[in-house]
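Examination of the molecular architecture
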Amino acid sequence: WDRMLRVNLTGVFACIQATLPGMMKARWGRIVAVSSAIALRGNAGQSAYAASKTGVVGLVRSVAKEYAGRGITANALCPGFVETEMTSGLPQKVRRALDEGIPMGRVGTAEEMAAAVRFLASDEASYVNGAVLAVDGGLTA
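Residues numbered from 1 in each chain as written. Predicted model: local features only at pLDDT ≥ 70, side-chain atom pairs only at ≥ 80, totals over all residues. Heavy atoms only, no water.

Here we have three strands laid out as an open sheet, ordered β1-β2-β3, and parallel in their pairing. Only two strands of the sheet have a single partner each, and these edge strands are β1 (29-34) and β3 (132-135). Strand after strand, the sheet turns through a mean of 25 degrees between neighbouring axes, direction not considered. As paired strands, β1 and strand β2 (residues 72-79) are joined by six bridges and run parallel to one another. Note on β2: the bridge partner recorded for Val34 is Leu77. On the sheet, helix α3 (residues 47-67) packs against β1, β2 and β3 and is oriented at approximately 160 degrees with respect to β2. (Pairing = 2+ DSSP bridges. Helix = DSSP H or I, 4+ residues; strand = E, 2+ residues; numbered from the N terminus. Axes fitted to C-alpha atoms, helices over the stretch in contact; angles between N-to-C directions. Contact = heavy atoms within 4.5 Å.)

With that out of the way, let us pick up the pattern of salt bridges. Following the criterion strictly, the structure yields four salt bridges and no others. Here Arg30 makes a salt bridge to Asp123, at a shortest N to O gap of 3.8 Å. With Arg30 in strand β1 and Asp123 in the loop between α6 (110-121) and β3, the pair connects residues that are 93 residues apart, well separated along the chain. Look at Arg30 and you get buried, because its relative accessible area is 14%. Looking at Asp123, the relative accessible area reads 57%, which means it is exposed. Because the salt bridges share partners, they merge into one network encompassing Glu83, Arg95 and Asp99. (Salt bridge = Lys/Arg side-chain N within 4 Å of Asp/Glu carboxyl O. Buried < 20%, exposed > 50% of the residue type's maximum accessible area, 1.4 Å probe, protein only.)

This is how it looks when you write it as structure tokens:
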């Protein structure tokens, strides 16, 4: 429990805290914190993980309100299952069940997550603040 909160929530807080002074001085900044689809739906056996990632959502929404007047936006990306080294090693039966549980029928890619982060960090998202963007193939729909 403690380690999960330290890594997933306190780590995000520390990064935001470290970057805010420069952003405030510039009167511009983009914070994109990575949460998880699990923050939006929960998952059996993942209480600590879900709590830590839900905390990231609350943190980002508060930061969004606190610093909007200084030209800083803060948003949370909530990826679903993503193709990684870890998911590529899943047994075929488990992987098939995972894919079938996602409305789009597949896990996402790192490139799809990066595209969402690029958008949230861009000037095109200048009016997106305090948003929670689920990039999960419909998992949390």
